[in-house]
Amino acid sequence: GFGYGKFTLDPESLDLICNKLHLLKEQNARKAVYNTMFDMVKSEKFPGSRLLQVVKHNISKEKTEEVLSDVIRSIVPSVIGKYIPLDTYEKENSDMYEILFGILESKAFIASESTSQLLVRSVIGYASTDQQNENVFTWFNMMEGLHDIKFTKPDRHDMTRVIHESRKISKADKDATMIRL
């Protein structure tokens, strides 16, 4: 049969791996390290804010869509949602927006429609500053898509939510997005 082991990393390994995780050659090794650190966060043996630092330092250098997808689909939202101080919530969202938008702009994963769509959804979801919300409003008005990636109906709904949560976008513009939706 199969079993499940819960592993931890010692402080020396953590210090080394935090800055050089992207240098591990095997994608499964990188995934295992991210998941081990996430398990350590859930077990209160590693701060969620530190795991986000590791992600922010390494994810833009990730070459495989499998690792990128796992990290931005499950680890980052869980850590931001449950394991960081509330007073850093907006900053962490804003940082992830900037990092993921950079990956999106690099077009490194443009060949993968599912990963490109995940990046678009994530960027929209992490928009938290006035400027980021205005960017989402601009994209919404483009209708077509972003960097050759078509917006889906759920993307447009998410964009509308971001636009309506904005403090800087006018009521008239918010109403117009509802009509165009």
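Residues numbered from 1 in each chain as written. Predicted model: local features only at pLDDT ≥ 70, side-chain atom pairs only at ≥ 80, totals over all residues. Heavy atoms only, no water.

K.L.:
Explain the pattern of salt bridges to me, please; I cannot follow it from the model alone.
P.N.:
It is possible for side chains bearing opposite charge to pair when their charged atoms get close. Following the criterion strictly, the structure yields ten salt bridges and no others. Asp70 serves as the salt-bridge partner of Lys31, at 3.2 Å between the closest nitrogen and oxygen. Residue Lys31 is found in helix α2 (residues 27-42), and its partner Asp70 is found in helix α4 (residues 65-82); the two are separated by 39 residues along the sequence. A relative accessible area of 27% means that Asp70 is categorised as partly exposed. When the shortest N-O distance is used, the salt bridge between Lys42 and Asp39 registers 3.4 Å. Of this pair, Lys42 and Asp39 both sit in helix α2, three residues apart, which is roughly one turn of that helix. Look at the salt bridges and you will find they share partners, linking Lys56, Lys91, Glu92 and Asp95 into a network. (Salt bridge = Lys/Arg side-chain N within 4 Å of Asp/Glu carboxyl O. Helix = DSSP H or I, 4+ residues; strand = E, 2+ residues; numbered from the N terminus. Buried < 20%, exposed > 50% of the residue type's maximum accessible area, 1.4 Å probe, protein only.)

K.L.:
What is the right way to look at the packing of helix α3 (residues 48-58) against helix α5 (residues 89-106) in this model?
P.N.:
Two measures define how a pair of helices packs: the angle their axes make with one another and the distance between the axes. For the pair α3 and α5, the least separation of the axes is 10 Å and the interaxial angle reads 20 degrees. Our classification of the angle between α3 and α5 gives roughly parallel. Crossing of α3 over α5 shows left-handed handedness. Each of Leu52, Val55 and Lys56 in α3 lies in contact with α5, whose residues at this interface are Lys91, Glu92, Asp95, Met96 and Ile99. Classifying every residue of the contact of α3 with α5 by side-chain character gives four nonpolar, no polar and four charged. (Axes fitted to C-alpha atoms, helices over the stretch in contact; angles between N-to-C directions. Parallel < 35°, antiparallel > 145°, perpendicular 65-115°, else oblique. Left-handed = near helix turned anticlockwise from the far one by under 90°. Contact = heavy atoms within 4.5 Å. Nonpolar A, V, L, I, M, F, W, Y, C, P; charged D, E, K, R; others polar.)

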